[in-house]
Amino acid sequence: MDPWFWQHSLTFMMFPVCKRPGTVFFLDDEPAYLEMIADVLPSDWDLRLFCHPEVCLTAMKHQMVQSDADVWCHREILERWRSGHSLVSGVLQYWRRDGIRRYGLGRVWVVDYTMPAMNGLQAVQAARNVPVTTVLLTGRADEHIAIGGFNAGLIDQYIPKQANDIADRLVKLVEMELNKAPSVLAPIWHQSLNREQLKVLSDRTVAQALDDLVREQNWIEYVLIGQPFGLLALDGDGSAYWMQLELSEGLGDLAELARLHGIEESLVMLVEAGSALFDIELRLSLAEIGGRIHPAGRLGVGASAPVYSVQALGNDLSPGFMSSLARYRDVRASRAIEHVPDNHSCLL
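Only a predicted model underlies this, so the values are computations on that prediction, with no experimental measurement involved. (Residues numbered from 1 in each chain as written. Predicted model: local features only at pLDDT ≥ 70, side-chain atom pairs only at ≥ 80, totals over all residues. Heavy atoms only, no water.)

Visitor: Any chance you could break down the overall build of the protein chain for me, citing the residues and the numbers?
Guide: In terms of regular secondary structure, the protein chain is built from 14 helices and 14 strands. Radius of gyration (C-alpha) of the protein chain: 22 Å, near the 20 Å computed for a compact globule of 348 residues. Among the 348 residues that make up the protein chain, the fraction classed as buried is 52%. Sequence-distant contacts, at least 24 apart, represent 67% of the contacts inside the protein chain between residues at least 6 apart. Carbon together with sulfur atoms contributes 52% to the accessible area of the protein chain, which is approximately 16100 Å² in total. For the protein chain, the centre of its 30 positive side-chain charges and the centre of its 44 negative side-chain charges are spaced 3 Å apart. (Helix = DSSP H or I, 4+ residues; strand = E, 2+ residues; numbered from the N terminus. Rg over C-alpha atoms; globule rule 2.2 N^0.38 Å. Buried < 20%, exposed > 50% of the residue type's maximum accessible area, 1.4 Å probe, protein only. Contact = heavy atoms within 4.5 Å. Areas by Shrake-Rupley, 256 points an atom, 1.4 Å probe, with all protein chains shown as cover. Lys, Arg positive; Asp, Glu negative; His and termini not counted. Charge placed at Lys NZ, Arg CZ, Asp CG, Glu CD.)

Take a look at the structure:
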């Protein structure tokens, strides 16, 4: 692929190439404020609350180690694919092997500026290589300091702590970040997509249709891959799903494959029309024999819109409850302030 095109596709692609839940860290020296935050922020967020900078920084440094290890796992999947291994099998194996550790990786760090032992910018500077979006909470007199921190690249956003709508602003900001692809993973997974696939995923109508489908299916985690072209997803209970994607210009070739595999002509005609899809590429990537026909729809209006079909992959291929977000939330049920490294650090 043209390096210029690949680099700029990271900026223009509208539908995130991958998505998963993550943890939101808070550092504030006022326990009462942290307890208020724990009460008002969405109950489905994973929060870690700290009132001592040194304890928080210990956790953040551990995050760096865990994030590096996780990124290495994703890079290994792509390297093995370049050597002829299956991307679908690689991701499914990663989900099973990882268990619930990746759900504890931080995505957003909210830091109060005014603290006695160490101010917020000093804390951020001490952990600036951790791949999280950093938000500084400031007092009225500290906003010029926040602007300086933003211009220096230490923080990504700042919010006045005295703002009446601070909870609403935090929710909007964090939700926006959680709905993006993790910054350390997006460049990795773009590499499996070709020019035509990236172009169609950058279309506003297609992106919105995909986003709607992900929400309707209640998928909390997914990876878009290019070979075979589709979206591999998990729900909150650890069940895996495959959304096959086909560009309209490839339907004729897919129909011919179905014909060569002995699929009856009436079904082959449905594939040609975009009313059904033949999943032979998925089956081959799973080392299975033969393919199946699945009902299909279009991501948009008109004959040129991409075609999709959805199927559950079943218990044999799914990570299951023990590797699910639901189990992670059971383990991390408490929103208590962490005064010392907690007992769940082995999961993170």
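Here the narrative resumes.
Visitor: Mind laying out the sheet that holds strand 8 (residues 229-235), listing which residues take part and the relevant values?
Guide: Read across the open sheet, the 6 strands follow the order 1-7-8-9-13-12; overall the sheet is antiparallel. Edge positions in the sheet fall to strand 1 (18-19) and strand 12 (297-298), since each of these pairs with one other strand and no more. Where strand 12 and strand 13 (residues 307-312) come together, 2 bridges link them in antiparallel fashion. Bridging across to strand 13, glycine 297 finds its partner in tyrosine 308. (Pairing = 2+ DSSP bridges.)

Visitor: Break down the confidence of the model for the protein chain for me, with residues and values.
Guide: Chain-level pLDDT for the protein chain is 91 on average; 93% of the residues reach the 70-or-more range. Confidence over residues 343-348 falls short of pLDDT 50; this stretch has 15 contacts with residues more than four positions distant or in other chains. (pLDDT = per-residue confidence, 0-100.)

Visitor: Account for the sheet that holds strand 5 (residues 133-138), naming residues and giving values.
Guide: Consider a sheet: its strands pair through backbone hydrogen bonds, and that pairing is either parallel or antiparallel. Spatial strand order, 6-5-4-2-3-14: 6 strands in an open sheet with parallel pairing. The open sheet has two edge strands, strand 6 (157-160) and strand 14 (337-338), and neither has a second partner. Relative to strand 6, strand 5 runs parallel, the two being bridged by 4 bridges. Each bridged residue has a counterpart across the sheet, and for valine 135 the counterpart in strand 6 is glutamine 157. Along the sheet face, helix 7 (residues 166-178) touches strand 2 (23-27), strand 4 (106-112), strand 5 and strand 6 and points at about 165° away from the line of strand 6. (Axes fitted to C-alpha atoms, helices over the stretch in contact; angles between N-to-C directions.)

Visitor: Got a sec to walk through helix 11 (residues 251-260)? Specific residues and values, please.
Guide: Listed as buried for helix 11 are Leu251, Leu254, Ala255 and Ala258. Take helix 11 and look down its axis: the buried residues cluster within an arc of 100°, on one side only. Summarising the geometry of helix 11, the exposed residues directed more than 90 degrees from the buried face are Asp253 and Leu260. Where helix 11 is buried, its residues touch strand 9 (240-246), helix 12 (265-273), strand 10 (276-278), strand 12 and strand 13. (Arc of directions from axis to C-beta.)

Visitor: Pulling in residues and values, what's your account of the packing of helix 3 (residues 53-82) against helix 4 (residues 87-98)?
Guide: Packing of helix 3 against helix 4 leaves a shortest axis separation of 9 Å and a crossing angle of 155°. With respect to each other, helix 3 and helix 4 are oriented roughly antiparallel. For the element pair helix 3 and helix 4, the recorded crossing hand is right-handed. Within the contact between the two elements, helix 3 uses Asp70, Cys73, His74, Ile77, Leu78 and Trp81 and helix 4 uses Leu87, Gly90, Val91, Tyr94 and Asp98. Classifying every residue of the contact of helix 3 with helix 4 gives 7 nonpolar, 2 polar and 2 charged. (Parallel < 35°, antiparallel > 145°, perpendicular 65-115°, else oblique. Left-handed = near helix turned anticlockwise from the far one by under 90°. Nonpolar A, V, L, I, M, F, W, Y, C, P; charged D, E, K, R; others polar.)

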